[in-house]
Amino acid sequence: MSKINDMRIKRGEIWDKAKKFLDDHQNESGLMSAEDTATYERMEQEVVDLGHAIEREERAAEMERELNAATNTPLTSRPEKAVTGKQGRASDEYKNAFWRMVRNRGGHLLVQNALQIGEDSEGGYLCPDEYERTLVKALEEENRLRSLCTIIRTESGDRKIPIVASHGTASWVDEEGVIPESDDVFGQISLGAHKLATMIKVSDELLQDSVFDIESYIAAEFARRIGAAEEDAFINGDGSGKPYGLLHTTNGAGIGITTAGATFTSDEILDLIHSVKAGYRKNAKFLLNDSSIKALRKLKDGNGQYMWQPGLKEGQPDRLLSHELITSAYMPEIGAGAKPILFGDFKSYWIADRQGRTFQRLNELYAATGQVGFRATQRVDGRLVQTEGLKCLQIKGA
């Protein structure tokens, strides 16, 4: 743990030196020579690299804690009834059958009988429950939005979510006067299921090698591919065969502020924050890409203090005006008409997972090259349910 703290202290010290260098070498117009700019950018890149290294160390420490945790809960009282084993996709029988199917090892009748529990209509099999949780956790690490948004599960059909489109009001009336009617108007948002799929190829030799950790490999590869496609859709999706994204023109976040120039200023960041209602601001975060954070690092408040502050304690993220900064490669770059910053409570965006993740083994498709294909699919949808909970900053058009 001291290693992580030492890295955070070092990162803070480098950032302090970078701020001082920037103050000392900028002219009145905020410009620097090419040599000074290169020096500052090297210091800034070191801050970024240390931030990524700290995140990796924290994830490793968390995994170490989980592996060292007790696997059983001690029995502290006399049980009143017999404890039954896990059933369905949570059973050991199903889990063993699933992975025997993946490796194509003997006992086909036994495997088929056990797998009937999780047989998918398209010929694949649903993941065992425990492995499903592993995949979801891996997806959250690859797709930052899954850890921020509201996640619901649906079994079949569309999930209809009632929303209040407009609220009723109170009125001043005279003594014994007629009280006017003023009702809430209710609307409805429907969450369906869009199909997301990928093909994973593994050689016959690796599958037959008991040392090869096929479970971890599939989880990591599935999460990398599916997580990236999900995050892109949750931000930029147009609703055509994929979810409506947060930046969609009509079904996404509203524009909180449009900049006066080709980039944003500190005052415009403050305007963006206050464009979100106070009730949503207490849990609000910024979402932007690395190039936008680079521009944010140079902004100062009215007292000449830098607005961006690095996290200096364990588990403490980088912040801007006390709000956490989340980076995504799928947020737009700063440019005319672009929306490079989202701000608000991301619980306002709902992600609907349909059923479970499905795997299908394809023995013949890649047989000529000595490989086995695994077709991995999931069904998911997403929609901004509370539009007032998130706002975006838009750059002035050309």
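Each remark here, short or long, concerns the structure printed above.
As the structure is a computational prediction, the values presented were derived from the model and not from experiment.

**What to know about the overall build of the protein**
Then comes step 1: When helices and strands are tallied, the protein shows 10 helices and 14 strands.
Then comes step 2: Buried residues in the protein amount to 40% of all 398 residues.
Then comes step 3: Of the contacts made within the protein by residues no fewer than 6 positions apart, 75% connect residues no fewer than 24 positions apart.
Then comes step 4: With the model as given, the accessible surface of the protein reaches about 22300 Å², and the carbon-plus-sulfur share is 49%.

**Some details on the environment of Arg59**
Then comes step 1: With respect to the helices, strands and loops of the structure, Arg59 is situated in helix H2 (residues 34-68).
Then comes step 2: Owing to a relative accessible area of 40%, Arg59 belongs among the partly exposed residues under this scheme.

**Focus on the pattern of salt bridges**
Two side chains that carry opposite charge are able to pair once their charged atoms sit near each other.
Then comes step 1: Applying the stated criterion to the full structure yields 13 salt bridges.
Then comes step 2: For Glu58, the salt bridge identified is with Arg8, shortest N-O distance 2.7 Å. In this pair, Glu58 sits in helix H2 while Arg8 sits in helix H1 (residues 2-25), placing the two residues 50 residues apart along the sequence.
Then comes step 3: Ionic contacts of the salt-bridge type, sharing partners, join the residues Arg146, Glu230 and Asp353 into one network.

**Focus: the environment of Asp353**
Then comes step 1: Its location among the elements puts Asp353 in strand S12 (residues 349-362).
Then comes step 2: Leaving out residues up to four positions away in the same chain, Asp353 has contacts with Arg146, Ile151, Ile152, Arg153, Thr154, Arg379 and Val380.

About the cut-offs
Residues numbered from 1 in each chain as written. Predicted model: local features only at pLDDT ≥ 70, side-chain atom pairs only at ≥ 80, totals over all residues. Heavy atoms only, no water. Helix = DSSP H or I, 4+ residues; strand = E, 2+ residues; numbered from the N terminus. Buried < 20%, exposed > 50% of the residue type's maximum accessible area, 1.4 Å probe, protein only. Contact = heavy atoms within 4.5 Å. Areas by Shrake-Rupley, 256 points an atom, 1.4 Å probe, with all protein chains shown as cover. Salt bridge = Lys/Arg side-chain N within 4 Å of Asp/Glu carboxyl O.

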